[in-house]
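Each chain is listed here by its residues.
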Amino acid sequence: EAGVTQSPTHLIKTRGQQVTLRCSPISGHTSVYWYQQALGLGLQFLLWYDEGEERNRGNFPPRFSGRQFPNYSSELNVNALELEDSALYLCASSLRGSSYNEQFFGPGTRLTVL
Amino acid sequence: AQSVSQHNHHVILSEAASLELGCNYSYGGTVNLFWYVQYPGQHLQLLLKYFSGDPLVKGIKGFEAEFIKSKFSFNLRKPSVQWSDTAEYFCAVIPGANNLFFGTGTRLTVIP
């Protein structure tokens, strides 16, 4: 069974640009989560989508947004990039949004903002 | 602020040494607790989890963790580490809601 996939693997952007990251969950999973892993800060929860709806978001500015498509894949959009947005962006999926369902993580997209 | 704390940033051990990684959280009420591991070049994967019941939980690869409610702690242990345990370990908490809050991680280096 294929795991969570993310694209692209690496991305280099400049300040002020916009970026879109993509995630495909494990087949049968309806929930997708986005996390930011910045150096020295651990993983910070960004967004949670389930059944196409945004269920919760972390403490990030509105320029971080996303959506979930009918096939449960998801996009994370970051507008007006800032240097501190440089990080590894991880996507995870689970059967559905429940504390009892394990989240499975993808390999991440490494974003560098120059 | 509510948080998950991992006080050990980098731990270096020789093979066969015992391991204990600390994790404390500051959320009240019911919590679900997790330890994730990220081996070099690999994805984050679940090591073990606690939802309820026996506060001593066993995970994969000989790891275990003990939930001590009074101390808001969920420390990870392994009696005898191997070189292959070299990885980054993350404690995580779901405090009632469905957001997974992670600690900053502990890098474990095991010297052969």
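Parameters at a glance
- Residues numbered from 1 in each chain as written.
- Chains lettered and ligands numbered in written order.
- Predicted model: local features only at pLDDT ≥ 70, side-chain atom pairs only at ≥ 80, totals over all residues.
- Heavy atoms only, no water.
- Helix = DSSP H or I, 4+ residues; strand = E, 2+ residues; numbered from the N terminus.
- Buried < 20%, exposed > 50% of the residue type's maximum accessible area, 1.4 Å probe, protein only.
- Core = buried A, V, L, I, M, F, W, Y, C linked by side-chain atoms within 4.5 Å.
- Contact = heavy atoms within 4.5 Å.
- Disulfide = S-S within 2.5 Å.

**Let's talk about unusual backbone geometry**
Now for step 1: With an omega of -10°, the peptide bond running from Ser 7 of chain A to Pro 8 of chain A counts as cis.
Now for step 2: The phi dihedral of Tyr 72 of chain A is positive, around 75°, even though this residue is not glycine.
Now for step 3: Along the chain, Tyr 72 of chain A falls in the loop between strand E7 (64-68) and strand E8 (74-78).
Now for step 4: The class of Tyr 72 of chain A is partly exposed, set by a relative accessible area of 26%.
Now for step 5: A positive phi angle, near 60°, is found at Lys 61 of chain B, a position not held by glycine.
Now for step 6: The topology assignment puts Lys 61 of chain B in the loop between strand E7 (56-58) and strand E8 (64-68).
Now for step 7: Judged by its relative accessible area of 47%, Lys 61 of chain B falls in the partly exposed class.

**Considering the nonpolar core**
Within soluble globular proteins, side chains that are nonpolar generally end up buried alongside one another.
Residues and elements named next belong to chain B.
Now for step 1: Membership of the largest hydrophobic core comes to 29 residues, with the highest contact counts inside it found for Leu 33, Trp 35, Leu 47, Leu 48, Phe 74, Leu 76 and Tyr 89.
Now for step 2: Taken together, the elements giving at least two residues each to this core come down to strand E2 (10-14), strand E3 (19-21), strand E5 (32-38), strand E6 (44-50), E8, strand E9 (73-78), strand E10 (87-94) and strand E12 (106-111).
Now for step 3: Top element by residues in this core is E10. It accounts for four residues.
Now for step 4: Sequence-distant contacts of Leu 33, defined by excluding residues within four places in its chain, comprise Tyr 25, Leu 48, Lys 49, Tyr 50, Phe 67, Phe 74, Ala 92 and Val 93.

**Some remarks on the state of the cysteines**
Now for step 1: Applying the stated criterion across every chain, the model contains two disulfides over all chains.
Now for step 2: Bridging Cys 23 of chain A to Cys 91 of chain A, the disulfide has an S-S length of 1.8 Å. On the S-S bond that ties Cys 23 of chain A to Cys 91 of chain A, the torsion sits near -60°, and the link is left-handed. Of the two residues, Cys 23 of chain A is situated in strand E3 (residues 19-24) and Cys 91 of chain A in strand E9 (residues 87-94); the sequence distance between them amounts to 68 residues. For the pair Cys 23 of chain A and Cys 91 of chain A, a shared accessibility class is recorded, and that class is buried.
Now for step 3: Across the disulfide from Cys 23 of chain B sits Cys 91 of chain B; the S-S distance is 1.9 Å. Linking Cys 23 of chain B and Cys 91 of chain B, the disulfide has an S-S dihedral of approximately -65° and is accordingly described as left-handed. Residue Cys 23 of chain B is located in the loop between E3 and strand E4 (24-25), and its partner Cys 91 of chain B is located in strand E10; the two are separated by 68 residues in the primary sequence. An identical accessibility class is assigned to Cys 23 of chain B and Cys 91 of chain B; each is buried.

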